[in-house]
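# Architecture and fold: a report
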Amino acid sequence: MSDDAGLTKKFTFAGVPNTTKSEGTHLSADPTGQTDRICYASGRSAVVRSISNPTDVCVFLQHTMPVTCVRFSHDSKMIASADESGTVKVWNPITGVQLHELRGSSAPIRDLCIHPDAKFIIVGGE
């Protein structure tokens, strides 16, 4: 890909995970074990990337508030990410296409879990 200034995009590298003093950093790994992909929050982005190849990355940019946690579904075909506004977004980890948006809470969501049958998302927060 090239722009008008003659610059060529060769690689995309994702930002680093969010860190907050006195709080754990939420990382999630592909639960199927078929890939070495992890997911995490980075500012207002949710990131899915390969551990062995940092240029194999999908960055989800649809949150308007800082992302607090990101989790794979049981079969790793969906990702759920939550933010400070209490919004949960469900999206495809390969294409980055948003599938659903849910209002999980009126306060920041600190963690979430996708039920194995993918019919429920459990959220916890303030």
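Placed above this text is the structure.
So, here's what we can say about the structure. As the structure is a prediction and not an experimental result, all values here were calculated from the model. (Residues numbered from 1 in each chain as written. Predicted model: local features only at pLDDT ≥ 70, side-chain atom pairs only at ≥ 80, totals over all residues. Heavy atoms only, no water.)

The next thing to look at is the pattern of salt bridges. Applying the stated criterion to the full structure yields three salt bridges. The salt bridge partner of Arg71 is Asp111, with a shortest N-O separation of 2.9 Å. One end of the pair, Arg71, is in strand S5 (residues 67–72); the other, Asp111, is in strand S9 (residues 109–114), with 40 residues separating them in the sequence. Its salt-bridge partner being Lys89, residue Glu101 comes within 3.3 Å of it at the nearest N-O pair. In this pair, Glu101 sits in strand S8 (residues 98–103) while Lys89 sits in strand S7 (residues 87–91), placing the two residues twelve residues apart along the sequence. (Salt bridge = Lys/Arg side-chain N within 4 Å of Asp/Glu carboxyl O. Helix = DSSP H or I, 4+ residues; strand = E, 2+ residues; numbered from the N terminus.)

What follows covers the sheet that holds S5. With respect to topology, four strands assemble into an open sheet ordered S5-S6-S7-S8, the strand pairing being antiparallel. Sheet topology places S5 and S8 at the edges, where each strand pairs with a single neighbour. Along the sheet, successive strands turn relative to each other by an average axial angle of 15°, direction set aside. Bridge count for strand S6 (residues 79–83) against S7 is four bridges, and the pairing is antiparallel. Looking at the pairing, Ser81 lines up with Lys89 of S7. (Pairing = 2+ DSSP bridges. Axes fitted to C-alpha atoms, helices over the stretch in contact; angles between N-to-C directions.)

If you trace the four strands from one edge of the open sheet to the other, you get S1-S2-S3-S4, paired in antiparallel fashion. A strand with exactly one partner marks an edge of an open sheet, and here the two such strands are strand S1 (27–29) and strand S4 (57–60). Pairs of neighbouring strands in the sheet enclose a mean axial angle of 20°, with direction left out of account. Note: S1 against strand S2 (residues 37–42), three bridges, orientation antiparallel.

Throughout the structure, instances matching the rule amount to one aromatic pair. Seen from their ring centres, Phe60 and Trp91 are 4.5 Å apart, and the 5° between their planes marks the pair as stacked. Linking Phe60 in strand S4 with Trp91 in strand S7, this pair joins segments that are 31 residues apart in sequence. Among the residues examined, Phe60 registers a relative accessible area of 1% and is labelled buried. (Phe/Tyr/Trp six-rings, centres within 6.5 Å; stacked < 30°, edge-to-face > 60°. Buried < 20%, exposed > 50% of the residue type's maximum accessible area, 1.4 Å probe, protein only.)

As a further point, take the pairing of S2. Judged by how many residues are buried, S2 sits mostly within the fold: six of six residues are covered. A two-sided burial pattern is seen for S2, the buried positions comprising Arg37, Cys39 and Ala41 on one face and Ile38, Tyr40 and Ser42 on the other. Pairing of S2 with strand S3 (residues 45–50) involves six bridges; the strand directions are antiparallel. In the strand pairing of S3, Cys39 is matched with Val48. Counted between consecutive antiparallel strands, the loop separating S2 from S3 contains two residues, among which Gly43 sits at a positive phi close to 65°.

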